Every structure is written in structure tokens, then in C-alpha cells.
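One letter stands for each residue in the lines below.
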Amino acid sequence: MAFTQRTRRRFLVWGSAGTVTCLALCVVAAHRPSVLTQWDHVLMLGPDRWRPSAPWLERPLVWVSSAFGTVASAIVTAVVAGLLLIKGQRRAAAYVVLAIAVTSLVTSALKQYVGLARPVVVDPILQYTSSAMPSGHASNIAAAVTVACVLSALFVRLRARRRLVLVVGVLVALVVGLDRLMLGVHTLTEVVAGYALGLGVGLLAAYVVDPAARTGDGGEAPD
């Protein structure tokens, strides 16, 4: 059972909106970075804000950064896709790989295009040489949460459990974004751009691939 045409159109509309939002922020960052600097002042949580009073936060923040990095994302993607293949859900497996892979590739391409320097931090906890816009951690976790929600809509029958997937996913994404801000490796707009990209690509991939099991794919969509 596939998604209805109405649902797929929503994937297309909201996926396009998320992707365009990210692209718009990247264009502004490349040509008018001072504009984003004004927005970033709304929420500044770098190490200088919390380290004097709570130095113990450094270790868990670094752990979150590692746990949701590129390597961890690739491993989880491979495991999930493999399990779906074992269950005979070939389209769903293809969707997972496409969504995460495209998100990573587009993130890297946009970083090269924008070339925005990382925030300046006195005595930094982590240092990166790559461009800051958009946040790779934010785009990866947003894509992963989007994928999880799409798959739960297909394969989880109880509405309460599907809502739980959404709530937990959003909370995890917020923790990852907050981690990037508190470590001082990204600004607010860089994290928001990453979120928008991951959401956009995740939904567009669902529109293109349609991960719902079809006749002969060996599975059923939920009622």
C-alpha cells in the first residue's frame, strides 16, 4: 500500500520549502553574512556562556557530537537499510540510503559554495576546518528523524507509537542542534539551515522513491 497522492504532494511541497529555505540561507551567508550575524545574536550559547559555571558539560557535549557525526550516521544508515532488505522492504531501504546520502552530499556541496568561517571561540573545545554553513550534524539528524517518521507512518500501526517516534525524534534533533551551539562550532542560522535541508531532502526522497511496500515487496503499510 503506497502513500496517497495527497500525502505525496505534501512531501513535495514541504520538502521543496525546506530545501529552498536552506538554499536561501546559504545564499545570504555567501553574499551578506552580516545579515545572518544579526539573527544569530538572538541565541548565543557558546562555551564562554556555560564553561565558567558548568565545566562538566564539556564531556557530554563532545560525546553527543561524536555520537551523531558523519561516521555514526553512515553506520546507522547501513544497518537500517540492511535490516529493511532482510525484511524484503527494498523500496524502504533505497529510500533510507537515498535520503541520508543526498543530504550529506548536498551539505558538503553547500559548505564548499558558502565557505563561511566557523564562529570564533576563545579556547575552543572542538575545531573544524570545514565551512560552517549549513551544519552537517543538524542536516543529518533532521534527515534521519524525517526518515524515521516516514517509515513509522508506513510500518507502525498504533498512532500513539507513531507520535512517540515524532516526539523523540524532534527532541533528539533539538539536543543535537543545542550541542552545536554550546560547543561554539555553529551559529543559530547554520543549525536552522541544516534542519531545513535534512527535512527537505528527507521529504523529497519520500516523494521520489515512495518507500511504501507494493505488491511483491513483502510488506504492508499500516491501516
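Before reading further, recall that the structure is shown in the block above.
Here is a short report on the structure shown in this document. (Residues numbered from 1 in each chain as written. Predicted model: local features only at pLDDT ≥ 70, side-chain atom pairs only at ≥ 80, totals over all residues. Heavy atoms only, no water.)

## So, the overall build of the protein chain
Here is step 1: The helix and strand inventory of the protein chain stands at 9 helices and 0 strands.
Here is step 2: Going residue by residue from the N terminus, the α and β elements of the protein chain occur as α-α-α-α-α-α-α-α-α.
Here is step 3: Expected size for 223 residues packed as a compact globule is a radius of gyration near 17 Å; at 18 Å, the protein chain falls within 12% of this value.
Here is step 4: Out of the 223 residues belonging to the protein chain, those deemed buried represent 43%.
Here is step 5: At a minimum sequence separation of 6, the contacts of the protein chain that also span at least 24 residues come to 81%.
Here is step 6: One finds the centroid of the 20 positive side-chain charges in the protein chain at a distance of 9 Å from the centroid of its 10 negative side-chain charges. (Helix = DSSP H or I, 4+ residues; strand = E, 2+ residues; numbered from the N terminus. Rg over C-alpha atoms; globule rule 2.2 N^0.38 Å. Buried < 20%, exposed > 50% of the residue type's maximum accessible area, 1.4 Å probe, protein only. Contact = heavy atoms within 4.5 Å. Lys, Arg positive; Asp, Glu negative; His and termini not counted. Charge placed at Lys NZ, Arg CZ, Asp CG, Glu CD.)

## Some thoughts on helix α5 (residues 70–86)
Here is step 1: The first and last C-alpha atoms of α5 sit 24 Å apart over 17 residues, in line with the 24 Å expected at 1.5 Å per residue.
Here is step 2: Buried residues of α5: S73, T77, A81 and L84, and no others. End-on view of α5: buried residues confined to an arc of 60°, all on one side of the axis. What points out from α5, more than 90 degrees from its buried face, is the exposed set V71, A78, L83 and I86.
Here is step 3: Residues of α5 that are buried make contact with α6 (90–114) and α7 (136–155).
Here is step 4: Of the residues trailing α5, G88 is marked for its positive phi of about 85°. (Expected span 1.5 Å × (residues − 1). Arc of directions from axis to C-beta.)

## Thoughts on unusual backbone geometry
Here is step 1: Residue M133 is joined to P134 through a cis peptide bond whose omega torsion reads -5°.
Here is step 2: Within the element layout of this structure, P134 appears in the loop between α6 and α7.
Here is step 3: Residue D210 is not a glycine yet carries a positive backbone phi of 55°.

## Side note on the packing of aromatic side chains
Here is step 1: According to the stated counting rule, one finds 1 aromatic pair in the structure shown.
Here is step 2: Aromatic pair F3 and F11: ring centres 5.1 Å apart, planes at 85°, arrangement edge-to-face.
Here is step 3: The class for F3 is buried, based on a relative accessible area of 13%.
Here is step 4: In this structure, R8 packs its charged tip against the face of Y207, placed 4.6 Å from the ring centre. (Phe/Tyr/Trp six-rings, centres within 6.5 Å; stacked < 30°, edge-to-face > 60°. Lys NZ or Arg CZ within 6 Å of the ring centre and 35° of its normal.)

## Some points on helix α9 (residues 188–209)
Here is step 1: Between its first and last C-alpha atoms α9 spans 32 Å; for 22 residues at 1.5 Å apiece the expected length is 32 Å, and the two agree.
Here is step 2: Downstream of α9 by one or two residues, D210 has phi in the positive range, about 55°.

## Notes on the nonpolar core
Here is step 1: With 18 residues, the main nonpolar core has F11, L84, Y95, V147, V150 and L151 as its most contacted residues.
Here is step 2: When residues of this core are traced back to their parent elements, those giving at least two are α5, α6, α7 and α9.
Here is step 3: Here this core takes 5 residues from α6, the largest share from any one element.
Here is step 4: Sequence-distant contacts of L151, defined by excluding residues within four places in its chain, comprise L84, A92, Y95, V96, V156 and P211.
Here is step 5: Membership of the second largest hydrophobic core comes to 13 residues, among which are A29, L36, V114 and L197. (Core = buried A, V, L, I, M, F, W, Y, C linked by side-chain atoms within 4.5 Å.)

## So, the pattern of salt bridges
Here is step 1: Scanning the model with the defined rule gives 3 salt bridges in all.
Here is step 2: One salt bridge in this structure joins R8 and D210, with 3.9 Å as the shortest N-O distance. Of this pair, R8 sits in helix α1 (residues 5–31) while D210 sits in the segment after α9, placing them 202 residues apart in sequence. Exposure class is identical for R8 and D210. Each is buried.
Here is step 3: Here D48 and R49 are joined by a salt bridge, their closest N and O atoms 3.9 Å apart. Take D48 and R49: they sit in the same class, and that class is exposed. (Salt bridge = Lys/Arg side-chain N within 4 Å of Asp/Glu carboxyl O.)

## Thoughts on a nonpolar patch on the surface
Here is step 1: A cluster of nonpolar side chains, namely V71, I75, V79, L83 and I86, defines an oily patch on the protein surface of about 530 Å² accessible area.
Here is step 2: In this structure, V71 sits in helix α5. (Patch = residues over 30% accessible without salt bridge, like charges linked within 9 Å, V, L, I, M, F, W, Y side chains within 5 Å. Areas by Shrake-Rupley, 256 points an atom, 1.4 Å probe, with all protein chains shown as cover.)

These results come straight from atomic positions and should not be treated as a statement about function.
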